[in-house]
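Summary of structural features
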Amino acid sequence: MTEPRPTIRLDKWLWHARFFKSRSIAAGVVTAGKVRVDSQPVSKPARAVGPGDVLTFIQARETKVVRILACGERRGPAAEAQALYEDLTPAPKARPTEARGANPRYEKGGRPTKKDRRDMGPN
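Below is a short write-up of the structure.

What counts and how
Starting from 1, residues in each chain are numbered consecutively following that chain's sequence as written. Local features in a predicted model are, by the rule used here, given only for residues with pLDDT of at least 70; side-chain atom pairs are given and counted only at 80 or more, and totals for whole chains, interfaces and linings are based on all residues. As a convention, hydrogens and water are excluded, and side-chain values are obtained from all of the structure's heavy atoms. Salt bridge criterion: a side-chain nitrogen from Lys or Arg within 4 Å of a carboxyl oxygen from Asp or Glu. Each residue is assigned to one of three classes by its accessible area relative to the maximum for its type, calculated with a 1.4 Å probe on protein chains only: buried under 20%, partly exposed between the two thresholds, exposed over 50%. The set of buried Ala, Val, Leu, Ile, Met, Phe, Trp, Tyr and Cys residues whose side-chain atoms join them within 4.5 Å is what this entry labels a nonpolar core. The numbering of helices and of strands both runs from the N terminus, where a helix is a DSSP run of H or I of at least 4 residues and a strand a run of E of at least 2. The contact rule is simple, with two residues in contact once any of their heavy atoms fall within 4.5 Å. A patch consists of residues exposed above 30% relative accessible area that lack any salt bridge, with like charges linked at up to 9 Å and nonpolar side chains (Val, Leu, Ile, Met, Phe, Trp, Tyr) linked at up to 5 Å. Calculation of accessible area relied on Shrake-Rupley with a 1.4 Å probe; when residues are assessed, cover is drawn exclusively from the protein chains displayed. Asp and Glu are treated as the negative residues and Lys and Arg as the positive ones, with His and the ends of the chain left uncounted. Think of each charge as sitting on NZ of Lys, CZ of Arg, CG of Asp or CD of Glu. Aromatic contacts are taken between Phe, Tyr and Trp rings whose centres are within 6.5 Å, Trp giving its six-membered ring; a plane angle under 30 degrees counts as stacked, one over 60 as edge-to-face, and the others as tilted.

1. Section: the pattern of salt bridges
Throughout the structure, instances matching the rule amount to seven salt bridges. Between K64 and E62 there is a salt bridge, with the nearest N and O atoms lying 4.0 Å from each other. Classification of K64 as buried rests on a relative accessible area of 16%. A residue is classified by how much of its surface remains accessible, and E62, at 40% relative accessible area, is partly exposed. A network of salt bridges, in which partner residues are shared, links R9, D11 and R23.

2. Quick word on the nonpolar core
If you look at the biggest cluster of nonpolar residues, it comprises 21 residues, and the most contacted ones within it are L10, W13, L14, F19, V49, L55 and F57. Mapped onto this core, the elements with two or more residues apiece are α1 (10-16), α2 (23-31), β2 (35-37), β5 (54-59) and β6 (62-68). In contact with L14, not counting residues within four places along its chain, are F19, F20, A26, V30, V35, L55 and F57.

3. Here we look at a positive patch on the surface
Taken together, the side chains of R111, K114, R117 and R118 make up a positively charged region of the molecular surface. The topology assignment puts K114 in helix α4 (residues 114-120).

4. A look at the packing of aromatic side chains
The full count for this structure, using the stated rule, is five aromatic pairs. Where W13 meets Y85, the ring centres are 6.3 Å apart and the plane angle is 80°; that geometry is what we call edge-to-face. Note that W13 is positioned in helix α1 and Y85 in strand β7 (residues 85-87), a separation of 72 residues in sequence. By the burial criterion, W13 is buried, and Y85 matches it. Ring pairing ties together the aromatic residues W13, F19, F20, F57 and Y85, which thus form one cluster.

Written out as structure tokens, the structure is:
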């Protein structure tokens, strides 16, 4: 007979892997429907996940995509937490600063004087 696949609650795994500071914050994100397991939206924190599942969620304005490698026994140090998953997050696209209307650069040291600001122009 084959052994059943090891599983753990979704909110507990997100907390063990140190994606969220507390388990209640992780549960709130899952309840809000902001987590997908294998491309399917999930709204129950008690959803069982295990090795091989792919999670997609938002963390600090960044979309994270991770594959679960292990369930984990405890919320240990960061090195132990990083061994629980494989990061599949695509590299962020570089945004040109000039296209966004960034402030002009002041090359001299210190704060620019009123004359320096006039010389820099509107952009």
